[in-house]
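# Close look at the chain arrangement
The chain contents come next:
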Amino acid sequence: MRLPFEVERKLRKFCVPGLMNYVVAGTTVTYLVAMVTRFGLIGQMALQRDLVFQGQLWRLITFVFLPSSLSPLWALLSLYFYFLIGTHVENRWGTVKFNLYYWAGILGAIAAAMLTGYATNTFLNLSLFFAFAILNPEAEVRLFFAIPIQIKYLALANALYYLYVFIVGDWSTRAMILFSLLNLFLFLGGDFINWVRRDVCYWKTRYNFRKNMR
């Protein structure tokens, strides 16, 4: 999705440069304080519809800063990973488009919570990962710190898993997945289709080549 220049210029003053810096910093502080308070803070930050309606409006934004894991190592790795991919996507798109993408994901998660009663930032983070994978399908990461694997295969594995969860899950799970990933379809639906087409053409050409060489 391309933004008209005039729209981007008008929105720029409302956007936060280096947005992922603040998200990662906020999540780090949340994790450290939660450890000191034996994770009691996490329950005060989670996005729950009934508590929001009771006046705890801060939950509409604090859920973004919840750590993805209580394991110190995994929390550190996930924060570092999302900082890297978030920064890369912002550098690729520019501040305005990246802010719109991330805030659209937040609004999607809030919409899911209003329908189902609760929501997490899991699929918000997943939409950021998918955005990076679509923009950089050939990028490599080290699985288990040793095995090199292209990011597109990790994205495909995640997509298949959440498709399975969507199929077998209840309606609230489906709503959470769908609404939290709306930003992905809105901003990158066309890029994803083109990516799939390129990969299909590549494997088809490779198959035909090997077939003709026999």
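Right, let's walk through the structure included here. On a predicted model such as this, the values are computed, not experimentally measured, just so you know.

Spanning 14 residues, helix H8 (residues 122-135) covers 20 Å between terminal C-alpha atoms, matching the ideal 20 Å at 1.5 Å per step. With 13 of 14 residues buried, H8 is to be regarded as a mostly interior element.

Contact geometry for helix H9 (residues 151-168) and helix H10 (residues 171-180): axes closest at 7 Å, N-to-C directions at 140°. With respect to each other, H9 and H10 are oriented oblique. At the point where H9 passes H10, the crossing takes the left-handed sense. Contacts between H9 and H10 involve Tyr162, Val165, Phe166 and Ile167 from the former and Thr173, Arg174, Ile177 and Leu178 from the latter. Among the residues forming the contact of H9 with H10, the class breakdown is 6 nonpolar, 1 polar and 1 charged.

Checked against the element boundaries, Ile106 lands in helix H7 (residues 95-116). Classification of Ile106 as buried rests on a relative accessible area of 3%. Separated by 74 residues in the primary sequence, Ile106 and Ser180 have C-alpha atoms spaced 7.3 Å apart. Setting aside anything within four residues of it in sequence, one finds Ile106 in contact with Leu60, Ile61, Phe63, Val64 and Leu124.

Below, the discussion takes up the packing of aromatic side chains. The final tally for this structure, using the stated rule, is 7 aromatic pairs. Taking 5.6 Å as the distance between ring centres and 70° as the angle between the ring planes, the aromatic pair formed by Phe81 and Tyr82 counts as edge-to-face. A relative accessible area of 19% means that Tyr82 is categorised as buried. Between Phe123 and Tyr162, the ring centres sit 5.2 Å apart and the planes meet at 75°, which makes this aromatic pair edge-to-face. Residue Phe123 is located in helix H8, and its partner Tyr162 is located in helix H9; the two are separated by 39 residues in the primary sequence. Just as Phe123 is buried, Tyr162 falls in that class too. Put simply, the rings of Phe81, Tyr82, Phe129 and Phe130 pair up and form one aromatic cluster.

At a minimum axis distance of 10 Å, the contact between helix H6 (residues 72-93) and H8 shows a crossing angle of 55°. Between H6 and H8, the angle is such that the two are oblique. Judged by the twist between their axes, the crossing of H6 over H8 is left-handed. Every residue of H8 that contacts H6 at Phe81, Tyr82, Ile85, Gly86, His88, Val89, Arg92 and Trp93 is listed here: Asn125, Leu126, Leu128, Phe129, Ala131, Phe132 and Leu135. Tallied by class, the residues present in the contact of H6 with H8 amount to 11 nonpolar, 3 polar and 1 charged.

How each quantity is defined
Residues numbered from 1 in each chain as written. Predicted model: local features only at pLDDT ≥ 70, side-chain atom pairs only at ≥ 80, totals over all residues. Heavy atoms only, no water. Helix = DSSP H or I, 4+ residues; strand = E, 2+ residues; numbered from the N terminus. Expected span 1.5 Å × (residues − 1). Buried < 20%, exposed > 50% of the residue type's maximum accessible area, 1.4 Å probe, protein only. Axes fitted to C-alpha atoms, helices over the stretch in contact; angles between N-to-C directions. Parallel < 35°, antiparallel > 145°, perpendicular 65-115°, else oblique. Left-handed = near helix turned anticlockwise from the far one by under 90°. Contact = heavy atoms within 4.5 Å. Nonpolar A, V, L, I, M, F, W, Y, C, P; charged D, E, K, R; others polar. Phe/Tyr/Trp six-rings, centres within 6.5 Å; stacked < 30°, edge-to-face > 60°.

Just geometry here; none of it tells us what the structure is for.
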